[in-house]
Amino acid sequence: MYEGRHGCLADGAGRPRRLTAQRPLIASLLDASAALRHVCGDTPEEFVENVRDDAVREAATRILQRQEW
């Protein structure tokens, strides 16, 4: 089981997302959010690299919270 500092990721209906591999999960988040792509990059690889930066990670967290994911 995984417990995140900010809770779990939810689907569009507010249910927790099922566990999946990291790359498809990040790709689905990026596909669904222009704001997340703008901050974190267009690919899962760019996302992983960019969220190493504290400011990018905090901005991504705010985006996910705003979108109620």
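Above this text sits the structure in question.
Below or above, wherever it landed, is the structure these notes cover. Everything quoted here is computed from the prediction, not taken from an experiment.

**What about the nonpolar core?**
If you look at soluble globular proteins, the nonpolar side chains tend to sit buried side by side.
In step 1: With 12 residues, the main nonpolar core is built from Ile26, Leu29, Leu30, Leu36, Cys40, Phe47, Val51, Val56, Ala60, Ile63, Leu64 and Trp69.
In step 2: Those elements giving two or more residues to this core turn out to be helix H1 (22-32), helix H2 (34-40) and helix H4 (54-66).
In step 3: Among the elements that line this core, the one with the most residues is H4, at 4 residues.

**Topic: the pattern of salt bridges**
In step 1: In this structure the tally under the stated criterion is 4 salt bridges.
In step 2: A salt bridge links glutamate 45 to arginine 23; the shortest N-O distance between them is 3.0 Å. Placement of the pair is glutamate 45 in helix H3 (residues 44-50) and arginine 23 in helix H1, with a sequence separation of 22 residues.
In step 3: Given a relative accessible area of 49%, arginine 23 falls into the partly exposed group.
In step 4: Aspartate 54 is the partner of arginine 57 in a salt bridge, and the nearest nitrogen-oxygen pair spans 2.2 Å. Here aspartate 54 and arginine 57 lie together in helix H4, a separation of 3 residues that amounts to about one turn.
In step 5: Residue aspartate 54 is classed as partly exposed on the basis of its relative accessible area of 46%.

So, how was this worked out
Residues numbered from 1 in each chain as written. Predicted model: local features only at pLDDT ≥ 70, side-chain atom pairs only at ≥ 80, totals over all residues. Heavy atoms only, no water. Core = buried A, V, L, I, M, F, W, Y, C linked by side-chain atoms within 4.5 Å. Buried < 20%, exposed > 50% of the residue type's maximum accessible area, 1.4 Å probe, protein only. Helix = DSSP H or I, 4+ residues; strand = E, 2+ residues; numbered from the N terminus. Salt bridge = Lys/Arg side-chain N within 4 Å of Asp/Glu carboxyl O.

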